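Observations on the three-dimensional arrangement
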Amino acid sequence: FHDEAIKAGIVAARTFYLYKYESDKDYKPSNGDQCYFSESKRKENWKDNYELYNEKILNNINLTKNEVITYDGNLIKAFYFSMSNGYTENAMNVFKENEPYLKSVTSLWEKKLNNYEKTLSVSVDEFKKKLNITDKNINVYIKSRFDSGRVNEFVVNSKIFEGTLVRKLFNLRSADFDFSIENDLVTFTTRGYGHGVGMSQYGANEMAKSGYKYDEILKYYYTGTKILKSYV
């Protein structure tokens, strides 16, 4: 990733951690939540590039030392995710939280990336099992979408499921999906990767490659925020 995108990610991660810590002094980042990778895991992932990548990250940490994202003088919940579907998502539609700085913005840069669109197939039996559908025949349709294109209501027979729940149950990359049913298989086609709230990491990288600085990237994805450079 571009240095400016890495800086943006570092400031967002630092802000998210400190926001959690301020409300719970016993808070510790969970490796299970992929807040971080241990040194041994980084070495496993990066192999011969370990020293190069580690130095790159440490350098960008130092270049953004003590910098955090604020809204009205307070730390924000700096949610971030991998790749948008073309838009980020309102926090209310995913986390049921109405934060003024977590509003949907366009993020079209990712549409040109190779892994923007993916498919995943499950058997009809597995599909019904995960949704607790016991009927022999199924009638499936998408009832509504949010303005971002992500699924709001997904209907199977008489049951209505939130798109975020469908994504979770089937481990889909995104809640922006279409589906088809053929030859006893349900095939989902997803766009983007992640919950969609806050900063898109791949979007940030594409912005950086286009000349945006990390503070500009952060202010774009977190509406109305300011970067505080001397947080203690």
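Further up the page is the structure itself.
Some remarks on the sheet that holds strand 6 (residues 151–156)
Reading across the sheet, the three strands line up as 5-6-7 and stay open at both edges, with antiparallel pairing between neighbours. What marks the edges here is a single partner per strand, and that holds for strand 5 (140–145) and strand 7 (159–162). Across this sheet, the average inter-strand angle for adjacent strands is 25°, counted without regard to direction.

Looking at the packing of aromatic side chains
Applying the stated rule across the entire model yields 16 aromatic pairs. Between Y17 and Y21, the ring centres sit 6.0 Å apart and the planes meet at 20°, which makes this aromatic pair stacked. Of the two residues, Y17 and Y21 are both situated in helix 1 (residues 3–23); the distance of four residues between them amounts to about one turn of the helix. Taking the relative accessible area as the measure of exposure, Y21 reaches 30% and is therefore partly exposed. Ring geometry for F127 versus F154: centroids 6.3 Å apart, planes at 80°, classification edge-to-face. You can see F127 sitting in helix 5 (residues 124–130) and its partner F154 sitting in strand 6, a full 27 residues away along the chain. Judged by its relative accessible area of 0%, F127 is buried. You can call F154 buried: its relative accessible area is 0%.

Things to note about the pattern of salt bridges
Evaluation of the coordinates by the stated rule reveals 15 salt bridges. The salt bridge involving E89 is made with R150; its shortest N-O contact spans 3.6 Å. With a gap of 61 residues between them, E89 in the loop between strand 3 (80–81) and helix 4 (91–95) and R150 in the loop between strand 5 and strand 6 connect regions that are remote in the sequence. The same class applies to E89 and to R150, which are both buried. Here D176 makes a salt bridge to R145, at a shortest N to O gap of 3.3 Å. Residue D176 is located in the loop between helix 6 (163–169) and strand 8 (177–182), and its partner R145 is located in strand 5; the two are separated by 31 residues in the primary sequence. Since its relative accessible area comes to 33%, R145 is described here as partly exposed.

Remarks on unusual backbone geometry
Residues apart from glycine generally show negative phi values, whereas peptide bonds are mostly found in trans. Although it is not a glycine, K47 sits at a positive phi angle of roughly 50°. Of the residues examined, K47 reaches a relative accessible area of 60% and is grouped as exposed. You will see that N66, though not glycine, has its phi angle at about 70°, which is positive. By the element assignment, N66 lies in the loop between helix 3 (50–63) and strand 1 (68–71). Among the residues examined, N66 registers a relative accessible area of 35% and is labelled partly exposed.

Considerations on the sheet that holds strand 9 (residues 185–191)
In a beta sheet, neighbouring strands pair by backbone hydrogen bonds and run either parallel or antiparallel. Across the sheet, which stays open at both edges, the three strands sit in the order 4-9-8 with antiparallel pairing between neighbours. Of all strands in the sheet, those bounded by a partner on one side alone are strand 4 (117–123) and strand 8. Between one strand axis and the next, the sheet turns by 20° as a mean value, whatever way the strands run. The sheet contact formed by strand 8 and strand 9 spans six bridges and is antiparallel.

Reading the values: rules and limits
Residues numbered from 1 in each chain as written. Predicted model: local features only at pLDDT ≥ 70, side-chain atom pairs only at ≥ 80, totals over all residues. Heavy atoms only, no water. Pairing = 2+ DSSP bridges. Helix = DSSP H or I, 4+ residues; strand = E, 2+ residues; numbered from the N terminus. Axes fitted to C-alpha atoms, helices over the stretch in contact; angles between N-to-C directions. Phe/Tyr/Trp six-rings, centres within 6.5 Å; stacked < 30°, edge-to-face > 60°. Buried < 20%, exposed > 50% of the residue type's maximum accessible area, 1.4 Å probe, protein only. Salt bridge = Lys/Arg side-chain N within 4 Å of Asp/Glu carboxyl O.

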